[in-house]
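Examination of the molecular architecture
This is what each chain is made of:
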Number of protein chains: 2
Amino acid sequence: MASEQSSTETEASDVYDEFETRVERISNVGNAAGILRWDQEVVMPDEGTPARAQQLSTLSSISHELLTDDETGRLLEELEARDLDDERAAVVREVRRQYDRETSVPQELVEEISKTTANAHPTWKQAKAEDDFETFAPVLEKLVELKREYAHHIDPDADPYEVLFSEYEPYIELETAEEILERLRDELVPLIEAIDESTEARTTSDDAALETDAFAGEFDDDDQEALARDVLDSLGYNWDRGRLDTAPHPFSSGTQFDARVTTRFEPEDLLGSITSTIHEFGHANYTLGLPDEAYGTPLGEARDLSVHESQSRLWENHVGRSRPFWEQFLPVARERFPELEDVTPEEAYESANQVYDDNLIRVEADELTYHLHIVIRFEIERDLISGDLAVEDVPETWNDKYEEYLGVRPETDAEGCLQDIHWSHGSFGYFPTYSLGSVLAAQLYAAAEDELGEQDDRIRDGDFGDLNRWLRENVHRHGKRYTTQELIERATGEEFTADYFLEYVDAKYGALYSLES
Amino acid sequence: MASEQSSTETEASDVYDEFETRVERISNVGNAAGILRWDQEVVMPDEGTPARAQQLSTLSSISHELLTDDETGRLLEELEARDLDDERAAVVREVRRQYDRETSVPQELVEEISKTTANAHPTWKQAKAEDDFETFAPVLEKLVELKREYAHHIDPDADPYEVLFSEYEPYIELETAEEILERLRDELVPLIEAIDESTEARTTSDDAALETDAFAGEFDDDDQEALARDVLDSLGYNWDRGRLDTAPHPFSSGTQFDARVTTRFEPEDLLGSITSTIHEFGHANYTLGLPDEAYGTPLGEARDLSVHESQSRLWENHVGRSRPFWEQFLPVARERFPELEDVTPEEAYESANQVYDDNLIRVEADELTYHLHIVIRFEIERDLISGDLAVEDVPETWNDKYEEYLGVRPETDAEGCLQDIHWSHGSFGYFPTYSLGSVLAAQLYAAAEDELGEQDDRIRDGDFGDLNRWLRENVHRHGKRYTTQELIERATGEEFTADYFLEYVDAKYGALYSLES
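Residues numbered from 1 in each chain as written. Chains lettered and ligands numbered in written order. Predicted model: local features only at pLDDT ≥ 70, side-chain atom pairs only at ≥ 80, totals over all residues. Heavy atoms only, no water.

Residues and elements named next belong to chain B. Counted under the stated rule, the structure contains one cavity of 30 Å³ or more. Empty space within the largest cavity amounts to approximately 30 Å³. Along the walls of the largest cavity sit Arg 377, Trp 398, Cys 417, Asp 420, Trp 423 and Phe 431, which together make up its complete lining. Taken together, the residues of the lining of the largest cavity break down into four nonpolar, no polar and two charged. (1 Å grid on protein atoms, 1.4 Å probe; cavity = no way out; pocket = protein on both sides within 12 Å on 5 of 7 lines; lining within 4 Å. Points joined across faces, edges and corners; volume = space filled by probe spheres on them. Nonpolar A, V, L, I, M, F, W, Y, C, P; charged D, E, K, R; others polar.)

Moving on, we come to helix 8 (residues 174-203) of chain A. End to end, helix 8 of chain A covers 42 Å across 30 residues, agreeing with the expected 44 Å (1.5 Å per residue, within 8%). If you look at helix 8 of chain A, its biggest bend is around 25 degrees, right at Leu 188 of chain A, and the proline Pro 190 of chain A turns up within four residues after that. (Helix = DSSP H or I, 4+ residues; strand = E, 2+ residues; numbered from the N terminus. Expected span 1.5 Å × (residues − 1). Bend = angle between axes of the 7 residues up to and from the residue.)

This part takes up the interface of chain B and chain A. Accessible area lost when the parts come together is the quantity often used to give the size of an interface. Taken together, the contact pairs 36 residues of chain B with 36 residues of chain A. Taken together, the two surfaces of chain B and chain A that pack against each other cover about 3,100 Å², and 55% of this comes from carbon and sulfur. The three residues of chain B that bury the most area against chain A are Arg 25, Pro 45 and Glu 47 of chain B, which together make up 19% of that side's buried surface. The shortest N-O distance in the salt bridge between Arg 260 of chain B and Asp 39 of chain A comes to 2.7 Å. Counting across the chain B and chain A interface gives 18 residue pairs in polar contact (both at pLDDT 80 or more). Residue contributions to the side of chain B that touches chain A peak at eleven residues, all from helix 2 (residues 49-68) of chain B. Its residues assigned to classes, the side of chain B that touches chain A shows 16 nonpolar, nine polar and eleven charged. (Contact = heavy atoms within 4.5 Å. Buried area = accessible area lost by both parts, 1.4 Å probe. Salt bridge = Lys/Arg side-chain N within 4 Å of Asp/Glu carboxyl O. Polar contact = N/O pair within 3.5 Å; in protein donor to acceptor, adjacent residues only side chain to side chain.)

Next up on the list: the UniProt feature "active site" (unreviewed entry) in chain A. Residues and elements named next belong to chain A. On the UniProt side, "active site" (unreviewed entry) is annotated at positions that read Glu 280 here. Looking at the element boundaries, Glu 280 is found in helix 10 (residues 270-288). Ignoring any residue separated from it by four or fewer positions in sequence, one finds Glu 280 in contact with Pro 250, Phe 251, Ser 252, Val 261 and Thr 262. Within polar-contact distance, the side chain of Glu 280 engages the backbone nitrogen of Ser 252 at 3.1 Å. (UniProt positions renumbered as here; feature names shortened; annotations may be inferred.)

This brings us to the UniProt feature "binding site: Zn(2+)" (unreviewed entry) in chain A. Residue and element names in this part refer to chain A. Sites flagged by UniProt as "binding site: Zn(2+)" (unreviewed entry) map to His 279, His 283 and Glu 309. Across 31 residues of sequence, these annotated residues stay compact in space, with a maximum C-alpha separation of 8.7 Å. Inspection of the secondary structure puts His 279 in helix 10. Setting aside residues up to four positions removed in sequence, His 279 forms contacts with Glu 309, Ser 312, Arg 313 and Glu 316. Secondary-structure assignment places His 283 in helix 10. Once residues lying within four places of it in the same chain are set aside, the contact partners of His 283 are Ser 252, His 308, Glu 309 and Ser 312.

So, about the confidence of the model for chain A. Caution is warranted with low-pLDDT regions, since their predicted coordinates should not be read in detail. Overall, the predicted model of chain A reaches an average pLDDT of 95, with 97% of residues at or above 70. For this predicted complex, the interface score ipTM comes out at 0.94, while the overall pTM is 0.95. (pLDDT = per-residue confidence, 0-100.)

Listed below in structure tokens is the structure:
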């Protein structure tokens, strides 16, 4: 008996090995495509596009074929019938999910969506440049229709928006996301109003207004780049596995062996380049914390968008926009920019945390109003997909919501509903993950401080070791081993909640703007 | 009848389209791998290697599978039975050749070679560093054996070295290559001796020796880079489809949409960086001349190594080491390096063309001795593969040949038979293409001047338009449409010959060193 059992075990192991080899191949093709995209954004010559588009399309179709091959299905079934350890079971769970999705959508529809978005992008760009929603409307209409059809193939019985959302967030219920976004809306709208009133009151009283111009001036690109490297040095970025470059739209990408950061420099926006660099560091730092030995399988890959965004926001907001950070970092910044000599850490802190009462543009928003930008997009795209909102009514609805939630009405569609690229990519259900990431960042940071003690002194000393080790231990090293909810509960002892985020902003902005609690 | 014929034509076209789609896929995978290799050499962080190795290995095995798939064989057979136009027939010819080679070698052998070379590279590096041939010998032995076996699979009846050579040069007979290399040896050995004698005679007479130190000094890296960009500007490099970076071993790579150049800067070797940049320009310029519309098929790919090297050598030697080039370029160089103020164009020309009488290192060789370095490697590797030379006898044979052909005997194996990386890659049959390229460069340049008139005045004016148009028209735009011999005959009206190279060096070095003709 013993020998028979052992031979069955060996066989099970053989099947798993075969499966894993297949999974690693798919992952390697995807990572190769990642390098090609990095190259395209960062170093590719202008006219390289036609060849690059073909290379990427080939890699994407090869990856699709490898995943949806009958052999993948057969291996999945065989493995699902066996008793696997937790890690292997997690790999099977993740691949099964992707397999089911990709096999359920007809390839012609995938290609039609891909062709339509390829065409939608320049149309959107032109419409935005010319402030002409009419031009973009038919393309948006078409994309909404195609994505509805896409969702229907995956699950004909489910709410199509839910299906689309789960493309980006497979293990967070849409209901949970919705509750969190509603709470953000309901609590941030009055908080921002209170801040506006306080700001107005100050301008007519003897109280000094908050400092908002600590970083006013023109700052040389090369010095900004040197400072961005200082930032990354001080946070402990592993240069042996990373690099810093510039890109028009900063991003980070790569694997645990090679996770790169990009940023951008504008002469009048030194603060923006610092916070954007810290944000991208957070993403790359997560990737670098994934286990080396699991490279090529879901156990060596990041848990979806909200968790990724939680890492970038944790470093950007909880560290990079904190008072002790500026106490530590301002002297470093002064070495590159002596003109900051007269700025105090408190002034830097205040400038890094000003709340804008009249900003229309999401990517320029502060830590509070940001979420209302997201809520508006979420409410609109959900209603677009459900059919409750017609494409032609988007501009009006958009402007009404801006007026209602943010007290400011866009005068053009270019700075209104045409401002973001996402819908032209056919990305519906993506926006919520931005807010969910910030909310999760607060929950994780609170759990880390709960275990490690308050981090302010550490941050003031430029010592991020404990915090990073906590994140490695509780988030990064698990890859996709746990579902998102499980990961959150294991790391924080609680379900996903907006409590910590709201506590954090209440405390921080209450103090900054001297609000009554 | 008419409609039937037309339906057969349509069908033929369908089969060809299917075939072409498959060929383009393979090509896209290969070009993606090319970007990954460029990235690895130029920008990848140090510790990215493990993931990169896996990505490249996956792409290489996918490419192999796509090529050797039964379906490729079936399509080839179908198309070979039909009447195709010349272009399609050429595509079929090229793919058939690769298909036959790749299907004839067992995949286990390919993998064993790949594993052995992966291991051979660090062993060679260590052996070279420690000047210890014994360490490298068993690996070299193994590689010789494996490559013999490899050749046997492809053609059991052929001379295995011939089979290996044809991997790099499918359409030049080994006999032709051998004749050319023998002629180079037989004519260059006495020419170099005469130059040595003339140099010696000058040092003991009143005649001034040739200027060799025009570029002595230390030159700043950044200024060298700026000058390398000037060089590329002046030659007409298309920056919209290219870029310049540094790499430890300069190379160029890419496609007609994106052909990049790398170079390197050493403080004491300004001349080396200029000539190396011109050399790599020649390679990239060939790639950029391949037709856009044929991207992804052999018609849009370069004709093998010797033709590629002919393009780099033509620009490096016939243009970049010419007297009129220095008349034109020295003022440009002086703007970056005012310390060159007192150098005359003639002195620059002489320094760029000095013949070394005691150099042991191939990559530092001049335009003449270079070929004896190649001949030595060719003779040794040919005898290694045939079994006429035992691995243990390589060092002695190497040193003897250096003494015989170049009058200088290496004192260590590190600067002897261990100096080059190629054999550790399992590349036997590659070296000859370096010399064949130079020889072909001279033949092409002579044909171009025959048609366009002498180019000296144009070069002196920095006008390379006619020359480049001639190369585009006669070489670049054809891709792999013609075999190498056909391409040479169409471009020059003659078979491949060393006549023009020998005429060129006799005339140039005869004048430089005042030899009696």
